[in-house]
Amino acid sequence: MSLFAGVGGGGAGADSASAGGTGRALLELTPHKVAVCHLVQVFAPPAQAGGDVVPPFPFESVAHHNRLGLFLFTLTRSCDDFREPSLEELLRQLKAVDDLTNGWLCEQLTSTLSALNSPDDLFNFFDKLRGVLTAPEGASAEDIFLDPNSQLGVFLRCCILAFNSMTFEVLQVGVCHLLADLVMYCNSADASYDLAEDEDFDSEMSNLMDADIGSQAGIFEKYHQSYASESHMGESSSALTRAPVSLHDFDEANTFKVDDNPTCLRSRWQLEAYLNQQADILEKDPSSVPLNSFNATMTQLQTLAPELHRVQFLQYLNALSHDDYVAALDNLHRYFDYSAGMQGLFARSVSPAQDIVVGKYESALLCLGNLHCYFGHPKKALEAFAEAVRVSQMNNDDSCLAYVLGAISNLLSKIGMSNTVGIISSPYSPGTNIGLGTPLSIQQQLLVLLKRSLKRADVLKLPSLLSFDHLSLAKFDLKHVQRSLVSFGPNASTKLRTCPADVCKNLRLSSRVLTDFGTDILSTSNENGSFSTSWLRNLSTASDSWRSNSMKSTKLHNDFDSFHYHAQPSPVPASVLQLAGSSYLLRATAWEHYGSAPMVRMNALVYATCFADAASSSELSLAYIKLIQQLAMFKGYSAAFCALKLAEKKFPSSTSSHIQLLKMQILHERALHRGHLKVAQQICDEFGVLSSSVSGVDIELKTEASIRRARTLLAAKQFSQAAAVANSLFSTCYKYNMQVENASVLLLLAEIHKKSDNAVLGLPYALASQSFCKSFNLDLLEASSILTLAELWLALGSGHAKRASSLVHQSLPMILGHGGLELRARAHIVLAKCHLSDPKFSVPEDPEAVLDPLNQATQDLQVLEYHEMAAEAYYLKAMAYNYLGKLDEREEAAACFKEHITALENPRNEEDSLAY
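Being a predicted model, the structure only gives us computed values, none of them experimental. The residue numbers shown here count from 1 along each chain, following its written sequence. This being a predicted model, a pLDDT of at least 70 is required before a residue's local features are given, and a value of 80 or more before pairs of side-chain atoms are given or counted; all residues contribute to the totals for chains, interfaces and linings. Computation of side-chain values covers all heavy atoms of the structure but excludes hydrogens and water.

## Looking at the overall build of the protein chain
Reasoning step 1: Of the regular secondary structure elements, the protein chain holds 38 helices and 4 strands.
Reasoning step 2: When a residue's accessible area, from a 1.4 Å probe over protein chains only, is under 20% of the maximum for its type it is buried; when over 50% it is exposed; and in between it is partly exposed. Within the protein chain, the fraction of its 916 residues that count as buried is 49%.
Reasoning step 3: In this description, accessible areas are obtained by the Shrake-Rupley approach with a 1.4 Å probe, and a residue is regarded as covered only by the protein chains that are shown. Working note: accessible area of the protein chain is about 42,000 Å², and carbon and sulfur atoms make up 53% of it. Helix numbering and strand numbering both begin at the N terminus, where a helix is a DSSP run of H or I of at least 4 residues and a strand a DSSP run of E of at least 2.

What follows is the structure in structure tokens.
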């Protein structure tokens, strides 16, 4: 029976192939690797035919035996640091595993290391390791032995190969250094583990040093140069890397000198996993990564492993997450300058004559374009993307071309551009015309790019890009009416509406990125080191508890075997989970447009619950924002601010601009409702400062700031200025083809004319807004526009009360089912005004038709602290009670009316509106 059979088997073949192809050792031996080899030998002693299937000595049970095997597995896979652990740390972790044998494993380890005093001892040690991997003659399936293709088996084979691959000259120097490192390795743990340099050891050392020191130093330097060059030209994923600096040198008196703290790096696979883990941390929580200390750590790693160029790319990501443009650009240039294309972004086979060009230049341009896009430089980003398209086409780099097209479409969807400006002023501009001599609009070019990128991703079998393109198409279908490129003739489509079915279809297709990983891939392990790292951390915690509870009779057994869900090895990469989760986040946004509040909450909760571990802090904060917005709409500002405080703790203000924008939005709404116009104007000014001054950049934030400024001016009864701001905003939205935003701006213009007693001028704007809402299926906003239309008809006189009442009843199902507190209160007030304005309606005959909606409206407005609308509701209640002859109730409603009017006209403690 093979122990740990098949674990890491997928990498074994690669390791063997790499070893056979390069003809060199896959790792350099270090004391830590020797210690792990000894523990593997204890875990799987040399097999004996016909032995009983019982745990070998000194293990008391199969569980105890397997625990050591899992510990050894995690030692070769963990990526919590780029340095190998010291002996003290290894012994501390081993004690938690060795609690059932009273420290027998620790004693055996230290005694074995102390016994390695000569080259002969090392030769005998590695010779015995061969017996661990060799099945004895006559062995059956019942016998226990270590599978050579398992993770531990491959590790042993690499160590044996590294020892056997040394030439005679290198063997002298290498063994000398290894023995010296073993002395320091053991002495660094504890005084009780000091190794006495006895006469035999001194004689062996003197014999090794008798040769010409200069020639040995030359051989040692030559060996390291050869190793460094081979590592730079390409290395397998399992190759172990050591610091390519001389940890030992010779002083002027030609005496052997050893550094106090030798640094040995982990395996190449572990280093890559460590860098990937740091990149995930930068994406998920940039605030937890200090800029300077992180750069210092990466600089140290780069000094120890100059051939590991991804360190520079990680420094680029760190500078990017901290908004350091100069450092980000410098590190990006350094990465592509030094890597020489050997560590490109896309896996593809190229000829040796072209590997300096193919896979480097276009990838660098793609990253450069994304950098400019992140910092708000759309023109420079488009120039870089245009050059990337040209080079990709010239080099037939289809994968990179597909990603560039996706990046261009993402840029166009985020940054507003005028219809009169071409995408890229380059002869290589993709999709600028369709062969009819007619230039396409920006939206048509965006659609062409998306479909072209989608087609290439499908042909090249790039599931991540395919999912991203489906998400981008869903965004496009959500906000744009797709018109045929050839819109004439008898078969031309006359439908000028968005299609929610197309949005849902693309969202479902984007989620299918999970199903693209078939059962054959799901059956293989995709452990990226997080499981092993978490297991060792839990083991360290358990060992600390073991120390603190050493005087107690109880012992820890499996405390460190408990893990959080995110530490378990997942068969699906985190990037794929992010894309799958993004579809739910986009679903929530789509339902916001369509006006279904329950579906918004459901999809946001699914994302925050099921995809939080793989999500970035930016996207996860968006899910929280949507939930907090729902709280503000349906539960009032108190509940929203309580949730906002929790969100601010989870997402620090320094890294989450989304949370800060949400706080400003809610504070502005509350200030307007309370009548604190100075505070509202101050918040509007802050909105304007946050947006970029570059044209087309932060266009959504600029639109939000303009709408809030117009609403503030409207609340201050400065109608002409509010109308001017709204008209300017409408022109901007029309210029950048922001039709969904135009619907809200038109509705705002109708509100301005309604409150300025120009109902006739407001009607066209309300009707236009309703038309936009129908075209883009904005059902809740359409209900609000219908409500505004009813108010405008009421303002024209009591003769239009019946028409207004019909419009209100038309919008009530949508408003009562999905509208927030403010919209519902407003609908109830308008409904009561319709009844009171209707000359045929008698309040004494049906008082509940007026009082019920007004009572509901006052309750909702009390939660929102909306003084102006609450005053109107109490005024109507007083009128109704006056018709009914209920004087006490009338006076009570009149007193409430006066209270709200006084609070509105004479605001006090305005600074309280900034506190929450």
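## What to know about the packing of aromatic side chains
Reasoning step 1: Aromatic contacts are taken between Phe, Tyr and Trp rings whose centres are within 6.5 Å, Trp giving its six-membered ring; a plane angle under 30 degrees counts as stacked, one over 60 as edge-to-face, and the others as tilted. Considering all chains together, one arrives at 13 aromatic pairs under this definition.
Reasoning step 2: The interplanar angle of 50° and the centroid separation of 5.3 Å between the aromatic rings of Phe313 and Tyr316 together place this pair among those described as tilted. Taken together, the residues Phe313 and Tyr316, both in helix 13 (residues 310-321) and 3 residues apart, mark about one turn of the helix. When sorted by exposure, Phe313 lands in the same class as Tyr316, which is buried.
Reasoning step 3: Through a chain of ring-to-ring contacts, the aromatic side chains of Phe313, Tyr316, Tyr335 and Phe336 assemble into a single cluster.
Reasoning step 4: The criterion for a charge sitting over a ring is simple: Lys NZ or Arg CZ within 6 Å of the ring centre, and within 35 degrees of the ring normal. Directly above the aromatic system of Tyr584 lies the positively charged group of Arg587, at a separation of 4.7 Å from the ring centroid.
Reasoning step 5: In this structure, Arg803 packs its charged tip against the face of Trp793, placed 4.2 Å from the ring centre.

## Things to note about the environment of Ile281
Reasoning step 1: Summarising the element assignment, Ile281 is placed in helix 11 (residues 268-284).
Reasoning step 2: The partly exposed category is assigned to Ile281, whose relative accessible area is 31%.
Reasoning step 3: For Ile281 and Ser617, which are 336 residues apart along the polypeptide, the C-alpha to C-alpha distance reads 9.5 Å.
Reasoning step 4: In this view, Ile281 contacts Pro286, Ser288 and Val289; residues no more than four positions away in its chain are not counted. The contact criterion used throughout is that any non-hydrogen atoms of two residues lie within 4.5 Å.

## Remarks on the packing of helix 35 (residues 821-837) against helix 37 (residues 867-884)
Packed helices, taken two at a time, are described by the angle between their axes plus the distance between the axes.
Reasoning step 1: A fitted line through C-alpha atoms represents every axis, and for helices the fit uses only the stretch in contact; the resulting angles, taken between N-to-C directions, go from 0 to 180 degrees. Packing of helix 35 against helix 37 leaves a shortest axis separation of 11 Å and a crossing angle of 30°. The two elements helix 35 and helix 37 cross, and the hand of that crossing is left-handed. Only Met869, Glu872, Ala873, Leu876 and Tyr883 of helix 37 make contact with helix 35, whose side of the interface consists of Glu822, Ala825, Arg826, Ile829, Lys833 and Leu836.
Reasoning step 2: Residue polarity follows a fixed list, in which Ala, Val, Leu, Ile, Met, Phe, Trp, Tyr, Cys and Pro are nonpolar, Asp, Glu, Lys and Arg are charged, and the others, Gly among them, are polar. When its residues are assigned to classes, the contact of helix 35 with helix 37 shows 7 nonpolar, no polar and 4 charged. Note: crossing handedness is left-handed where the near helix turns anticlockwise from the far helix by less than a right angle, and right-handed where it turns clockwise.

## A few points about the pattern of salt bridges
Reasoning step 1: Should a side-chain nitrogen of Lys or Arg be within 4 Å of a carboxyl oxygen of Asp or Glu, the pair is scored as a salt bridge. The final tally for this structure, using the stated rule, is 23 salt bridges.
Reasoning step 2: Measuring nitrogen to oxygen at the nearest pair gives 3.3 Å for the salt bridge that ties Asp81 to Arg83.
Reasoning step 3: What makes Arg83 partly exposed here is its relative accessible area of 29%.
Reasoning step 4: Salt bridges sharing common partners tie together Glu669, Glu704, Arg708 and Arg711.

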